[in-house]
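# Secondary and tertiary structure notes
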Amino acid sequence: MTSEAAIRWGLRAHLFSYVIGNLAQIVTWWLFTPDHFFWPLWSILGWGIGLMFHIWAVRSPANVRPRH
């Protein structure tokens, strides 16, 4: 696996775990505490910030590597 392919695979894995993890929290909230504050918001926002930095690092023009 090339370095660029590994980087893109890592981003896909991060995005997949973000979606699955937050969906699990939303379902848990909906099943057990739907009448309370929407507490999954904090992990959606916090983890989302980390995911955005990951996307930015992978797709930033400054980090584009020339192909050899």
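Just above sits the structure.
Reference entry: report on the structure contained in this document. Position numbers for residues count from 1 along each chain, tracking the sequence in the order it is written. Totals for whole chains, interfaces and linings use all residues, but because this is a predicted model, local features are given only for residues with pLDDT of at least 70 and pairs of side-chain atoms are given and counted only at 80 or more. Side-chain figures throughout are based on the complete set of non-hydrogen atoms in the structure, without hydrogens or water.

### Focus: helix H1 (residues 3-32)
- Helix and strand definitions here come from DSSP, where helices need a minimum of 4 consecutive H or I residues and strands a minimum of 2 consecutive E residues; each element is numbered from the N-terminal end. A helix is expected to span 1.5 Å for every residue after the first. Over its 30 residues, H1 extends 43 Å from the first C-alpha to the last, a length consistent with the 44 Å expected when each residue adds 1.5 Å.
- Accessible area is worked out with a 1.4 Å probe on protein chains only. A residue is then buried under 20% of its type maximum, exposed over 50%, and partly exposed in between. For H1, every residue scored as buried is listed here: Leu 11, His 14, Tyr 18, Asn 22 and Trp 29.

### Side note on the environment of Thr 28
- By the secondary structure assignment, Thr 28 is in helix H1.
- Placed 12 residues apart in sequence, Thr 28 and Pro 40 show a C-alpha to C-alpha distance of 9.1 Å.
- Only heavy atoms enter the contact rule, under which two residues are in contact if any of them lie within 4.5 Å. Thr 28 has contacts with Thr 33 and Trp 39, leaving out every residue within four places of it along the chain.

### Overview of a nonpolar patch on the surface
- Together, Leu 15, Phe 16, Val 19, Ile 20 and Leu 23 line one region of the surface with nonpolar side chains, adding up to about 470 Å² of accessible area.
- Locating Phe 16 in the fold gives a position in helix H1.
- A relative accessible area of 58% places Phe 16 in the exposed class. Each patch is built from residues that are more than 30% exposed by relative accessible area and take part in no salt bridge. Like charges join if they lie within 9 Å; nonpolar side chains (Val, Leu, Ile, Met, Phe, Trp, Tyr) join within 5 Å. In these tables, accessible area is a Shrake-Rupley quantity obtained with a 1.4 Å probe, and a residue counts as shielded only by the protein chains included in the view. When a carboxyl oxygen of Asp or Glu lies within 4 Å of a side-chain nitrogen of Lys or Arg, that pair is called a salt bridge.

### Some points on the packing of aromatic side chains
- Each aromatic pair joins two rings of Phe, Tyr and Trp (for Trp, the six-membered one) with centres within 6.5 Å, and gets the label stacked for planes under 30 degrees apart, edge-to-face for over 60, and tilted for any other angle. The full count for this structure, using the stated rule, is 4 aromatic pairs.
- Pairing Tyr 18 with Trp 47 gives two aromatic rings, centres 5.5 Å apart and planes at 85°, and the pair type is edge-to-face. Taken together, the residues span a long stretch of sequence, with Tyr 18 in helix H1 and Trp 47 in helix H2 (residues 40-59) at a distance of 29 residues.
- Tyr 18 gets classed as buried once you look at its relative accessible area, which sits at 17%.
- Using a relative accessible area of 29% as the deciding quantity, one classes Trp 47 as partly exposed.
- Note on Trp 29 and Phe 38: the rings are 4.9 Å apart at their centroids and 90° apart in plane angle, and the pair reads as edge-to-face.
- Note on Trp 29: relative accessible area 15%, which makes it buried.

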